[in-house]
Amino acid sequence: MVKIAPSLLAADSAYLGKTVSDLELAGADFIHFDVMDGHFVPNLTFGPNILKELKKHTSLPFDVHLMVTNPDECISWYAESGADLITFHLEATENPNQTIQLIRDYKLKVGITLKPSSDIKQIIPLVDDVDLILVMGVQPGFGGQTFYPDTTERIKLTKDIIANRNVLLEVDGGINFHNAPLCIDAGADILVAGTAVFQNKTLTENITILKGLSK
Ligand code: DX5
Ligand code: ZN
């Protein structure tokens, strides 16, 4: 069954502690923690102190998505604050092997990702060294955007590159009840969902619907 990683970007940030504990009860598998620095993307979000405080309110693993120009500098901040998995953008590092090693030094899971406009083939030399590949369905920076239709094709290409390796494929951005089955059929193991989890129905109802879309 597909795993769900709700993005806190879509939550009411005045109640994040209660939200992460509610998400655990609602059946979430990870907490997706979007870190934006106002440089790599035109938005600013959560610092490591918030992560550290939120860890007290849930036992779910934190899936930290770094959208920053200086991932190597930030890794220790989030690792020491309780990140379980750290994903960085290949566009933001000149030496991805060094960035991977910095995350490994903390014995954490490593993810890599690219903006939708970047060439997916950049992951090929790194696929043996990571735990997860994140396929973006929107330009990073904001929640609530529309899913790019060519994302399913990029998911399939990524799945082909992963082949039979023990590497998870996560999809992030613009996921809704209509395109989630397409992502799952194309090979997604984990769906990040902000708007789809936090709007309309209860957290439990939305997460249950998303999980029920996998065969
Ligand atoms: C976008 C973030 C996503 C985003 C997802 O830069 O990486 O995690 O919050 O939100 P929705 O599901 O609303 O697109
Ligand atoms: Zn994200």
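One can find the structure itself at the top, above this paragraph.
Rules behind the numbers
Residues numbered from 1 in each chain as written. Chains lettered and ligands numbered in written order. Predicted model: local features only at pLDDT ≥ 70, side-chain atom pairs only at ≥ 80, totals over all residues. Heavy atoms only, no water. Near = heavy atom within 4 Å. Polar contact = N/O pair within 3.5 Å; in protein donor to acceptor, adjacent residues only side chain to side chain. Areas by Shrake-Rupley, 256 points an atom, 1.4 Å probe, with all protein chains shown as cover. Helix = DSSP H or I, 4+ residues; strand = E, 2+ residues; numbered from the N terminus. Nonpolar A, V, L, I, M, F, W, Y, C, P; charged D, E, K, R; others polar. Buried < 20%, exposed > 50% of the residue type's maximum accessible area, 1.4 Å probe, protein only. Salt bridge = Lys/Arg side-chain N within 4 Å of Asp/Glu carboxyl O. Pairing = 2+ DSSP bridges. Axes fitted to C-alpha atoms, helices over the stretch in contact; angles between N-to-C directions. Contact = heavy atoms within 4.5 Å. Donors = N, O, S within 2.8 Å, 3.2 Å for Na, K, Ca; no water.

K.L.:
I'd like a rundown of the site of ligand 1, residues and numbers included.
P.N.:
Neighbouring residues of ligand 1: 20 residues in total, closest Asp-34, Gly-141, Asp-172, Gly-194 and Thr-195. One nitrogen or oxygen atom from the side chain of His-65 is found 3.2 Å from an oxygen atom belonging to ligand 1. Side-chain polar atom of Thr-195 to an oxygen atom of ligand 1: 2.5 Å apart, as the coordinates give it. Coverage of ligand 1 by the protein chains reaches 99% of its 380 Å² of free accessible surface. At the level of secondary structure, the elements contributing two or more residues to the shell around ligand 1 comprise strand S2 (31-36), strand S3 (62-67) and strand S8 (190-193). Split into classes, the residues belonging to the shell around ligand 1 amount to eight nonpolar, 10 polar and two charged.

K.L.:
Describe the environment of Ala-28, with residues and values.
P.N.:
Among the secondary structure elements, Ala-28 is positioned in the loop between helix H1 (16-25) and S2. Taking relative accessible area as the criterion, Ala-28 reaches 7% and is therefore assigned buried. The spatial distance from the C-alpha of Ala-28 to the C-alpha of Ile-207 is 6.8 Å, given a sequence separation of 179 residues.

K.L.:
Could you give an account of the pattern of salt bridges, naming the residues involved and the relevant values?
P.N.:
Scanning the model with the defined rule gives seven salt bridges in all. Across the pair Asp-84 and Lys-55 runs a salt bridge, and its minimum N-O distance is 3.0 Å. Pair noted here: Asp-84 is in the loop between helix H3 (71-80) and strand S4 (85-89) and Lys-55 is in the loop between helix H2 (48-54) and S3, with a separation of 29 residues, a long-range link.

K.L.:
Hey, could you go over the sheet that holds strand S6 (residues 132-136) for me, with residue numbers and the actual values?
P.N.:
Spatially, S1-S8-S7-S6-S5-S4-S3-S2 is the arrangement adopted by the eight strands of the open sheet, whose pairing is parallel. The strands lining the two open edges of the sheet, one partner per strand, are strand S1 (3-6) and S2. Adjacent strand axes in the sheet meet at a mean angle of 25°, parallel and antiparallel pairs treated alike. Note: S2 against S3, six bridges, orientation parallel. Counted as the bridge partner of Met-36 is Met-67 from S3. Each of S6 and strand S7 (168-172) touches helix H5 (residues 151-162); the most contacted strand, S6, lies at about 165° to it.

K.L.:
So what's going on with the coordination of the zinc ion (ligand 2)? Residues and values would help.
P.N.:
The coordination sphere of the zinc ion (ligand 2) contains the protein donors His-32 (NE2), Asp-34 (OD), His-65 (ND1) and Asp-172 (OD), at a distance range of 2.1 to 2.3 Å. Along the chain, the residues donating to the zinc ion (ligand 2) are arranged with the sequence spacing H-x1-D-x30-H-x106-D. Taken together, the positions of His-32 in strand S2 and Asp-172 in strand S7 put the pair 140 residues apart, joining distant regions of the chain.

K.L.:
Residue-level account of unusual backbone geometry, with values.
P.N.:
Not every positive phi belongs to a glycine, and Lys-107 is a case in point at roughly 60°. Within the secondary structure, Lys-107 sits in the loop between helix H4 (96-104) and strand S5 (109-114). A relative accessible area of 75% places Lys-107 in the exposed class. Here the phi dihedral of Asn-200 falls at roughly 65°; this positive angle occurs in a residue that is not glycine.

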